[in-house]
Amino acid sequence: MTLHSLFPISFRDRSLTGLVIAIVIYVVVGAVAGAVIGFLSSIPILGIIFSIIGALVDIYCLVGLVLAILYYAKVVE
């Protein structure tokens, strides 16, 4: 399994437009998922599970952003 299959948005286009689109997608997905998971984490029994899922989504979005920037800067192929 390669980075291209795990983070397809990060490796779409090497232009500035592609970078901006990837950044917007990752920020919006992170914000929406954070809001939904933040609401669901208030459920008493399932709160811990949703908190862990929220942390994993945040890490995925952060790594995707970093990879998109590195791909644009031609550091990662």
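Residues numbered from 1 in each chain as written. Predicted model: local features only at pLDDT ≥ 70, side-chain atom pairs only at ≥ 80, totals over all residues. Heavy atoms only, no water.

Draft legend 1. Main features of unusual backbone geometry. With a phi close to 60°, Lys74 is a non-glycine residue in the positive phi region. The residue Lys74 is located in the segment after helix H3 (47-72) in this model. (Helix = DSSP H or I, 4+ residues; strand = E, 2+ residues; numbered from the N terminus.)

Draft legend 2. Up close: the confidence of the model for the protein. With 99% of its residues at a pLDDT of 70 or more, the protein shows a mean pLDDT of 89. In the model of the protein, helix H1 (residues 3-6) stands out as the element of lowest mean pLDDT, 87, in contrast to H3, which has the highest, 92. (pLDDT = per-residue confidence, 0-100.)

Draft legend 3. Representation of the nonpolar core. The biggest cluster of nonpolar side chains holds 8 residues, and these are Phe7, Phe11, Tyr26, Cys61, Leu65, Leu67, Tyr71 and Val76. Per element, the largest residue contribution to this core is 4 residues, and it comes from H3. Ignoring anything within four residues of it in the chain, the contact list for Leu65 reads Ile23, Tyr26 and Val27. (Core = buried A, V, L, I, M, F, W, Y, C linked by side-chain atoms within 4.5 Å. Buried < 20%, exposed > 50% of the residue type's maximum accessible area, 1.4 Å probe, protein only. Contact = heavy atoms within 4.5 Å.)

Draft legend 4. Just a nonpolar patch on the surface, in detail. Residues Leu16, Val20, Val24, Val28, Val32, Val36 and Tyr72 make up a contiguous nonpolar surface patch of roughly 590 Å² in combined accessible area. The element that contributes the greatest number of residues to the nonpolar patch is helix H2 (residues 16-40), accounting for 6 residues. By the secondary structure assignment, Val32 is in helix H2. (Patch = residues over 30% accessible without salt bridge, like charges linked within 9 Å, V, L, I, M, F, W, Y side chains within 5 Å. Areas by Shrake-Rupley, 256 points an atom, 1.4 Å probe, with all protein chains shown as cover. Salt bridge = Lys/Arg side-chain N within 4 Å of Asp/Glu carboxyl O.)

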